[in-house]
Amino acid sequence: QVQLVESGGGLVQAGGSLRLSCAASGRTFRDYTMGWFRQAPGKEREFVAANTWSGGLTAYADSVKGRFTISRDNAKNTVFLQMNSLKPEDTAVYYCAASPAVVPTTRTHTYDYWGQGTQVTVSS
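Conventions adopted
- Residues numbered from 1 in each chain as written.
- Predicted model: local features only at pLDDT ≥ 70, side-chain atom pairs only at ≥ 80, totals over all residues.
- Heavy atoms only, no water.
- Patch = residues over 30% accessible without salt bridge, like charges linked within 9 Å, V, L, I, M, F, W, Y side chains within 5 Å.
- Areas by Shrake-Rupley, 256 points an atom, 1.4 Å probe, with all protein chains shown as cover.
- Salt bridge = Lys/Arg side-chain N within 4 Å of Asp/Glu carboxyl O.
- Helix = DSSP H or I, 4+ residues; strand = E, 2+ residues; numbered from the N terminus.
- Buried < 20%, exposed > 50% of the residue type's maximum accessible area, 1.4 Å probe, protein only.
- Core = buried A, V, L, I, M, F, W, Y, C linked by side-chain atoms within 4.5 Å.
- Contact = heavy atoms within 4.5 Å.
- Pairing = 2+ DSSP bridges.
- Disulfide = S-S within 2.5 Å.

Structural notes on a nonpolar patch on the surface
- On the surface, Leu-57, Val-102 and Val-103 cluster together into a nonpolar patch covering about 290 Å² of accessible area.
- Residue placement: Val-102 occurs in the loop between strand S9 (92-99) and strand S10 (113-114).
- Judged by its relative accessible area of 69%, Val-102 falls in the exposed class.

Shown next as structure tokens:
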């Protein structure tokens, strides 16, 4: 059974940092693109960042460029999202996802597997 389990969310003040982790199990995601998405109350799920396991290609939403960094540990089948200079508008549930796409993809329908999400709340 494929599982993606996020952790690391929480409450932080504006300007602070958090590091999210996503542990994958049930299969190897060596050839998969791993992505992070977020969904705020009353809004659609939106792309945040994506990273290919093998090629190291990355993509970021404009709203997080320069503040968020996606990385991965292939040996541990884990992907991370380092979030710095957090803003109240970053408040959302953050989801990890896996896509068979060979390049970073921003479209939710291209991702086959999803985690349960972790809450990130940034106070002003």
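Focus on the nonpolar core
- Met-34, Trp-36, Leu-81, Met-83 and Tyr-94 are the most contacted members of the largest nonpolar core, which totals 34 residues.
- When residues of this core are traced back to their parent elements, those giving at least two are strand S3 (18-25), strand S4 (33-39), strand S5 (46-52), strand S7 (68-73), strand S8 (78-83), S9 and strand S11 (118-123).
- With 5 residues, the single largest contributor to this core is S9.
- For Leu-81, the contacting residues outside a window of four places in its chain are Leu-18, Arg-19, Leu-20, Trp-36, Val-48, Ala-49, Phe-68, Thr-69, Ile-70 and Tyr-94.

Here's the deal with unusual backbone geometry
- Here Asn-77, not a glycine, exhibits a phi torsion of approximately 55°, which is positive.
- Relative to the assigned elements, Asn-77 resides in the loop between S7 and S8.
- Its identity is not glycine, yet Ser-85 carries a phi of approximately 50°, on the positive side.
- Residue position: Ser-85 is located in the loop between S8 and S9.

Considerations on the pairing of S5
- The element S5 is extensively covered by neighbouring structure, given that 6 of its 7 residues are classed as buried.
- By the bridge criterion, 6 bridges tie S4 to S5 in an arrangement that is antiparallel. Opposite Thr-33, over in S5, you have Thr-52 as the bridge partner.
- Between S4 and the antiparallel strand that follows it, S5, lie 6 residues; Gly-42 among them carries a positive phi value of about 80°.
- Relative to strand S6 (residues 58-60), S5 is paired through 3 bridges, and the arrangement is antiparallel. The partner of Asn-51 across the bridge, within S6, is Thr-58.

Some details on the state of the cysteines
- The final tally for this structure, using the stated rule, is 1 disulfide.
- The partner cysteine of Cys-22 in its disulfide is Cys-96, sulfur to sulfur 2.0 Å. Negative torsions about the S-S bond denote left-handed disulfides, and the value of about -75° found for Cys-22 with Cys-96 makes this one left-handed. Pair noted here: Cys-22 is in strand S3 and Cys-96 is in strand S9, with a separation of 74 residues, a long-range link.
- Judged by its relative accessible area of 0%, Cys-96 is buried.

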